[in-house]
Amino acid sequence: MVDKNKLMGYIVSNGFTQRSLAKSINVSKNTLNAKINGHSAFDTILIDKICAKLHITDDCEKAKIFLG
C-alpha cells in the first residue's frame, strides 16, 4: 500500500501537482491519481521515474513510500 501522505509531501515539496508530475512522467493525471489512491498498482518503471523527478534516492525511503 502506498503511503499517500508521504508521497504527496514529496510531490508538493518539489513544486509539483499531481497533474504536473503526471505530465512530466508521461502518464495521465487520472492514472497517477488512481495509483496514489491505491486503485491500481505502481510498477517499478513508474516508481523509478517518480523517484527521479522527486529526488528520492534512498532505497529505504522508496520502500516506505511505495510498499507501506
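Before any of the text, the structure's been laid out above.
We now turn to the structure provided with this report.

### With respect to the overall build of the protein
Of the regular secondary structure elements, the protein holds 5 helices and 0 strands. Taking 68 residues into account, the globule formula puts the C-alpha radius of gyration at 11 Å, and the protein, at 11 Å, falls close to it. In terms of its C-alpha atoms, the protein occupies a principal-axis envelope of roughly 25 × 25 × 20 Å. A buried classification covers 31% of the 68 residues belonging to the protein. When the accessible surface of the protein is totalled, it reaches about 4,300 Å², and 53% of it is carbon and sulfur. Charge separation in the protein, taken as the distance between the mean sites of 10 positive and 6 negative side-chain charges, equals 11 Å.

### Quick notes on the side chain of Gln18
In this fold, Gln18 is placed in helix α2 (residues 18-24). By relative accessible area, which is 13% here, Gln18 ends up buried. A polar contact of 2.9 Å, which involves the side chain of Gln18, links it to the side chain of Asn33. In contact with Gln18, other than residues within four places in its own chain, are Met8, Ile11, Lys29, Leu32, Asn33 and Ile36.

Rules used in this analysis
Residues numbered from 1 in each chain as written. Predicted model: local features only at pLDDT ≥ 70, side-chain atom pairs only at ≥ 80, totals over all residues. Heavy atoms only, no water. Helix = DSSP H or I, 4+ residues; strand = E, 2+ residues; numbered from the N terminus. Rg over C-alpha atoms; globule rule 2.2 N^0.38 Å. Buried < 20%, exposed > 50% of the residue type's maximum accessible area, 1.4 Å probe, protein only. Areas by Shrake-Rupley, 256 points an atom, 1.4 Å probe, with all protein chains shown as cover. Lys, Arg positive; Asp, Glu negative; His and termini not counted. Charge placed at Lys NZ, Arg CZ, Asp CG, Glu CD. Polar contact = N/O pair within 3.5 Å; in protein donor to acceptor, adjacent residues only side chain to side chain. Contact = heavy atoms within 4.5 Å.

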